[in-house]
Structure formats: C-alpha cells, structure tokens
Amino acid sequence: MSETTTTFQELGLSESMLKALEKKGYGYPTSIQKEAIPPLMEWKDVIAKAPTGTGKTFAFGIPMVEHVDPQCEDVQGLILAPTRELAIQICDELRSLMTFYKGIRVTVLYGGASIGSQAKALEKKPQIVVATPGRLMDHYNRKNIRFDKVKTIVLDEADRMLDMGFFKDVTRLIEKVKNRKNLGLFSATISQEVMTVSWMYQRNEVEITVEPKLQDRPDIDQFSITTTPLAKAETTLRLIRTQGFERVMIFCNTKHMCQRLCDDFQQAGLCAECIHGDVKQSLREKTMRRFHEGKLPVLIATDVASRGIDVDDVDCVINYDIPEENEYYIHRIGRTGRAKRKGAAYSMVSNFPEKAKLDEIAKFSDFTICPMLMQEDGTLTQQEVKAPVVKRRFR
C-alpha cells in the first residue's frame with residue numbers, strides 16, 4: 001500500500017486529532033506513522049527502526065494523546081528522551097497535537113533546570129510526562145510523581161539513550177511501572193542494548209523497519225569542500241555568505257571548537273550562536289528558541305543537538321568537523337531536507353584523514369557526496385577526482 005493511499009482518517013483517529021493534524025498541514029502519514037500508530041492504538045508493544053526526520057514523534061505521540069483519559073489527573077504516559085533538547089522538542093510537538101482537546105496536559109522534566117519549578121508543574125496534574133531518565137528518577141525518589149496509573153512508556157532515540165549510560169535508570173523506571181500496558185522503543189538504529197531492553201520487557205512486540213531508501217528518506221544534496229586547515233573557517237564563512245542560506249546548522253566535534261568557531265564568526269559580523277555541554281541550560285533554551293523562530297540564522301553545535309531537533313526549514317547543514325561516528329553524519333544532515341523540503345549538506349575536508357573518514361561514511365550510508373572546490377569569489381566548482389595511478393611492475 002503506497003503512502004498516498006492511506007490517510008490519517010483511515011487510521012481511526014478522533015476528530016480532535018484529525019483537526020490538529022489538518023491545522024499543522026499533515027494530510028498523509030509517513031511510513032513509520034502508518035505502521036506504528038495502529039499497533040500502539042491497540043496497546044501492543046512496538047520496536048521501530050526508522051531514519052531520522054521520518055516522523056517518529058507523531059508515530060508514538062498520536063496514540064499516546066488518543067489514549068489519555070482527560071477525566072483522570074494521574075500520569076498516564078511516559079516518554080523518555082536522551083537529551084534536554086529532544087525532551088523539550090517532543091513536549092512542544094505533543095502540545096501542538098492537543099489544540100482541540102480539553103483537559104489534557106503535558107510537561108517536560110530534565111536536568112539543568114530548577115527541580116522546584118518542575119515539581120510545581122507536576123502539581124498541575126499532567127497526564128503525559130516527557131523526561132530525561134536521570135531527572136525523572138530524581139522526581140520519583142522525591143515522591144513528586146507516581147507511576148501507578150501509567151499505561152504506556154516510550155523510549156525515543158533508544159539507542160542513543162542507552163549508549164549514554166542510562167541503561168540502569170531506564171530499566172529501573174520501566175520496572176517501577178507496574179500497570180504498564182505497552183512499551184514503545186523508537187530509534188534510528190537497533191543496538192544490542194535496545195535489543196536487550198526489548199527482550200527483557202516486551203512481549204509479542206510488533207517489529208517495524210523503515211528503510212532509508214523509501215520515500216521518507218530526506219531529499220538532501222550532499223557535497224564536500226576541499227580546503228586547508230588554516231582556510232577552513234574562512235571557507236565556511238564564505239560558503240554561508242555567498243550561497244544565500246537563511247538558516248544554517250554547523251556541527252563541530254568538540255565544545256572547544258564549537259565555541260571558538262562561534263567567536264570567530266561573531267567577530268566577522270555574522271549573527272551566530274552556539275550550544276554545547278558547557279553552555280548554561282537557560283541560554284541553550286533561549287538560543288534554540290531564537291533559531292526555531294527564525295531570529296538566529298546560524299547555529300553552531302556539538303552532537304548534543306544533532307538528534308531530534310525538529311526545525312522544518314533549515315536550508316543547510318555544514319559539517320565543520322567530519323563526525324567521528326558514521327551514524328552521527330546521518331543524524332546531523334537529517335536536520336535539513338525535512339517536511340518534504342529539499343536540503344543541502346556540506347562537509348569541510350582539510351586533510352587526508354578527514355577525506356578517508358568521509359569516504360567511509362559515504363560507503364556506509366550509501367550516499368553520494370559530490371567533491372567541490374570553492375573559488376575566491378565563492379563560486380563552487382566540481383572537483384575532478386583523479387583515478388588512482390596504477391604502477392606497472394616489470395619483471
């Protein structure tokens with residue numbers, strides 16, 4: 001069944017949900033939504049693997065909102081996310097689905113923010129809580145939240161969360177939900193840790209795999225730009241200024257490089273801000289809000305921001321540093337080419353190890369990355385790739 005022949009109405013959703021989706025401009029479900037919503041609506045366990053940018057949040061968020069009993073003021077749904085940014089993003093997306101519902105509330109809990117203000121938010125009786133595992137466990141231990149009426153738990157970006165060392169917290173939280181009806185595991189990759197959680201806590205689970213080659217794969221033109229280490233920052237600045245990009249995300253591998261590049265760009269007169277682990281949470285939220293609202297044209301970040309940040313109209317992603325892991329590249333460039341728009345991704349290559357790593361990423365991901373050279377005026381020309389010289393051996 002093709003995507004265009006299935007509508008949200010055919011998935012049996014309520015009138016309130018259909019109106020919310022129509023208001024957001026969503027006419028047809030993506031592949032992951034089409035496959036995950038029906039079993040979750042039937043309270044089945046689901047383990048789903050789907051590329052970033054394919055609509056996983058709505059795939060588990062729609063059934064969770066539909067299942068909430070607004071007459072009951074207890075927490076009924078839990079969503080766990082690996083980072084503060086992703087937790088905030090999920091909460092915002094869920095709120096957008098609740099436009100035409102009455103009496104349904106959602107709140108978000110994460111580290112780095114006042115635990116007192118979060119406790120007050122929990123006193124307002126949200127039925128859905130989105131949280132990072134450590135902070136949720138903290139509130140549970142303080143008796144600010146109860147789990148006895150929770151029916152559904154969802155782990156979003158499960159592979160990243162478990163890889164970040166949250167395995168004990170996550171399993172402890174799952175075990176404290178005694179009346180759970182179903183568990184959803186959503187991820188771009190299914191790691192050994194994800195499989196272990198599935199084996200331990202899921203029963204007769206529905207397995208869903210959405211391959212990147214399907215129509216949901218983001219439409220992204222991918223390029224590499226060959227430069228020198230000393231000219232790398234200047235080349236990146238020239239790329240932004242000459243290509244007419246209005247909203248750009250730049251990724252660096254380290255906090256130090258992220259901050260340094262941001263300082264250099266600000267000195268050059270570019271409106272840019274950065275987010276990384278050393279930036280205060282309040283400033284990170286302010287920066288992300290400005291970027292979402294289109295008031296900040298350039299956001300520089302470490303990989304803490306490469307997952308789950310859903311800004312529909314990012315024109316371009318720039319890998320200032322080639323990512324250390326193949327999967328990181330996919331998550332980074334997945335910030336552009338979203339919501340059926342065309343995107344562009346540029347990777348700055350300044351030495352042989354970076355070129356070798358990018359070649360490995362292209363092979364691993366089955367991507368075509370076109371090598372380019374930038375002229376002094378900012379013009380991009382395709383770089384000629386010389387065939388390797390085969391030395392003849394004489395006997």
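See above for the structure.
The rules behind each value
- Residues numbered from 1 in each chain as written.
- Predicted model: local features only at pLDDT ≥ 70, side-chain atom pairs only at ≥ 80, totals over all residues.
- Heavy atoms only, no water.
- Pairing = 2+ DSSP bridges.
- Helix = DSSP H or I, 4+ residues; strand = E, 2+ residues; numbered from the N terminus.
- Axes fitted to C-alpha atoms, helices over the stretch in contact; angles between N-to-C directions.
- Contact = heavy atoms within 4.5 Å.
- 1 Å grid on protein atoms, 1.4 Å probe; cavity = no way out; pocket = protein on both sides within 12 Å on 5 of 7 lines; lining within 4 Å.
- Points joined across faces, edges and corners; volume = space filled by probe spheres on them.
- Right-handed = clockwise from strand over helix to strand, strands pointing away.
- Parallel < 35°, antiparallel > 145°, perpendicular 65-115°, else oblique.
- Left-handed = near helix turned anticlockwise from the far one by under 90°.
- Nonpolar A, V, L, I, M, F, W, Y, C, P; charged D, E, K, R; others polar.
- Patch = residues over 30% accessible without salt bridge, like charges linked within 9 Å, V, L, I, M, F, W, Y side chains within 5 Å.
- Areas by Shrake-Rupley, 256 points an atom, 1.4 Å probe, with all protein chains shown as cover.
- Salt bridge = Lys/Arg side-chain N within 4 Å of Asp/Glu carboxyl O.
- Lys, Arg positive; Asp, Glu negative; His and termini not counted.
- Charge placed at Lys NZ, Arg CZ, Asp CG, Glu CD.
- Expected span 1.5 Å × (residues − 1).
- Buried < 20%, exposed > 50% of the residue type's maximum accessible area, 1.4 Å probe, protein only.

A. Local environment of the sheet that holds strand β2 (residues 77–80). One open sheet accounts for 7 strands, arranged β3-β4-β2-β5-β6-β1-β7; its pairing is parallel. Of all the strands in the sheet, the pair left with one neighbour each is β3 (106–109) and β7 (206–209). Ignoring which end each strand starts from, the neighbouring axes of this sheet average 15 degrees apart. Examined bridge by bridge, β3 and strand β4 (residues 128–131) share 4 bridges and lie parallel to one another. Each bridged residue has a counterpart across the sheet, and for V108 the counterpart in β4 is V130. The strands touched by helix α3 (residues 56–67) are β2, β4, β5 (152–156) and β6 (182–187); relative to β5, the strand with the most contacts, the crossing angle is about 170 degrees.

B. How the structure looks around empty space enclosed by the protein. On inspection of all chains with the given rule, the structure shows 1 cavity of 30 Å³ or more. Approximately 50 Å³ is the volume found for the largest cavity. Forming the boundary of the largest cavity are L40, F60, P63, M64, H67, T152, V154 and N182. Secondary-structure elements contributing two or more residues to the lining of the largest cavity are α3 and β5. Ranked by residues supplied to the lining of the largest cavity, first place goes to α3 with 4 residues.

C. Representation of the pairing of strand β10 (residues 272–275) in the model. Two strands pair when backbone bridges link them, and β10 and strand β11 (residues 298–301) are joined in this way by 4 bridges, in the parallel orientation. Each residue of the ladder has a partner; that of I275, found in β11, is A301. The handedness of the β10 to β11 crossover, carried by helix α11 (residues 281–292), is right-handed.

D. View of the packing of helix α4 (residues 84–97) against α11. One can describe the packing of α4 onto α11 by two numbers: an axis separation of 11 Å at closest approach and a directional angle of 50 degrees. Classified by the interaxial angle, the pair formed by α4 and α11 is oblique. When the axes of α4 and α11 are compared, the crossing they make is right-handed. Residues R84, E85, I88 and Q89 of α4 form the contact with α11, whose participating residues are Q281, R284, E285 and H292. Of the residues contributing to the contact of α4 with α11, the split by class is 1 nonpolar, 3 polar and 4 charged.

E. Here's a closer look at the packing of helix α12 (residues 326–333) against helix α13 (residues 352–365). It is at 9 Å that the axes of α12 and α13 come closest, and there the two elements cross at 75 degrees. Judged on the interaxial angle alone, α13 and α12 are roughly perpendicular. Residues N326, E327, Y329 and I330 of α12 touch α13, and the partners they reach there are K357, L358, E360, I361, F364 and S365.

F. A negative patch on the surface, seen in detail. Judged by side-chain charge, D163, E193, E324 and E325 come together as a negatively charged surface patch. Relative to the helices and strands, D163 is located in helix α7 (residues 158–176).

G. Quick peek at α4. Helix length check: α4 (14 residues) gives 20 Å between terminal C-alpha atoms against 20 Å at 1.5 Å per residue, within 8%. If you check which residues of α4 are buried, you get E85, L86, A87, Q89, I90, C91, E93, L94, S96 and L97.

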